[in-house]
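Observations on chain architecture
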Amino acid sequence: MNNLVLIGFMGSGKTTVSIALGKALDMDVLDMDTLIEEEAGLTIPEIFDQEGEAYFRELESSILESLLPSRNRIISTGGGVVLKPSNIEKLHQIGTVVFLQANEDHVYNNVKHDTNRPLLQVEDPKSQIKQMLELRDPIYLSSADVIIQTSGKSVEHIVKEIITIL
Ligand code: S3P
């Protein structure tokens, strides 16, 4: 089967859905953030803290490039992968791009106790999420082959929906 590439904002459910989808379709799952951490030998917060976001984005693009030859994989991306147009092109070369669209409250509830997302370690994460979603949602939408709403739905429901649409 063609690779499936999951895109979407932090906390939209990409990692959880990718694992469930991998089981349902008997496909291997790759998580870009995990590959970046392995490549750097550092956690995501350590990369941002010690090397900066620009370095993280370079690693992200080079890991994406390395995924071009992948076959029969579910690939879970980091929420900022769509920020570079050249990355969007690569996402499409890799496979069918599925956008998991979540609303502000859903995202906030999923990330509020999380300390592993450096871009949300701010005084007012709720308004940061709102601002970032306003900026990024149009990019996710225009980058997607398939759009799935995730807010208020179980993982099983989302997986079924994706399988039905494919
Ligand atoms: C980021 C999302 C994160 C991770 C990094 C930057 C972003 O991945 O790549 O913290 O810019 O949205 P998740 O979407 O898996 O949280």
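Heads up: the structure comes first, above all this text.
Attention in this report is confined to the structure presented alongside it.

In space, the five strands of this open sheet follow the order β2-β3-β1-β4-β5, with parallel pairing throughout. Among the strands making up the open sheet, the edge pair consists of β2 (28-31) and β5 (146-149). Going across the sheet, the axis of each strand differs from the next one's by a mean of 25°, ignoring polarity. Where helix α2 (residues 32-40) meets the sheet, it contacts β2 and β3 (73-76), and its direction lies at approximately 60° from that of β2. Sitting on the sheet, helix α7 (residues 125-143) is in contact with β1 (3-7), β4 (95-101) and β5, with an inclination near 145° to β4.

A few words now on the nonpolar core. Counting 32 residues, the largest nonpolar core has Ile7, Phe9, Met32, Val81, Val82, Leu91 and Ile129 as the members making the most contacts within it. Residue assignment for this core shows that the elements contributing at least two residues are β1, α2, α3 (44-50), α4 (53-66), α5 (85-94), β4, α6 (104-111) and α7. Those residues within four positions of Val81 in sequence are excluded, and the remaining contacts are Ile7, Met32, Arg57, Glu60, Leu64, Asn87 and Leu91. Core analysis: the next-biggest nonpolar cluster, separate from the first, contains 13 residues, Leu6, Val17, Met27 and Leu100 among them.

The next subject is the packing of α2 against α4. Running from N to C, α2 and α4 point in directions that differ by 110°, and their axes come no closer than 10 Å. Between α2 and α4, the angle falls in the class roughly perpendicular. Crossing angle aside, the handedness with which α2 passes α4 is right-handed. Only Phe56, Leu59, Glu60, Ile63 and Leu64 of α4 make contact with α2, whose side of the interface consists of Met32, Asp33, Leu35, Ile36, Glu39 and Ala40. Of the residues that constitute the contact of α2 with α4, the class distribution is eight nonpolar, no polar and three charged.

Rules of the game
- Residues numbered from 1 in each chain as written.
- Predicted model: local features only at pLDDT ≥ 70, side-chain atom pairs only at ≥ 80, totals over all residues.
- Heavy atoms only, no water.
- Pairing = 2+ DSSP bridges.
- Helix = DSSP H or I, 4+ residues; strand = E, 2+ residues; numbered from the N terminus.
- Axes fitted to C-alpha atoms, helices over the stretch in contact; angles between N-to-C directions.
- Contact = heavy atoms within 4.5 Å.
- Core = buried A, V, L, I, M, F, W, Y, C linked by side-chain atoms within 4.5 Å.
- Buried < 20%, exposed > 50% of the residue type's maximum accessible area, 1.4 Å probe, protein only.
- Parallel < 35°, antiparallel > 145°, perpendicular 65-115°, else oblique.
- Left-handed = near helix turned anticlockwise from the far one by under 90°.
- Nonpolar A, V, L, I, M, F, W, Y, C, P; charged D, E, K, R; others polar.

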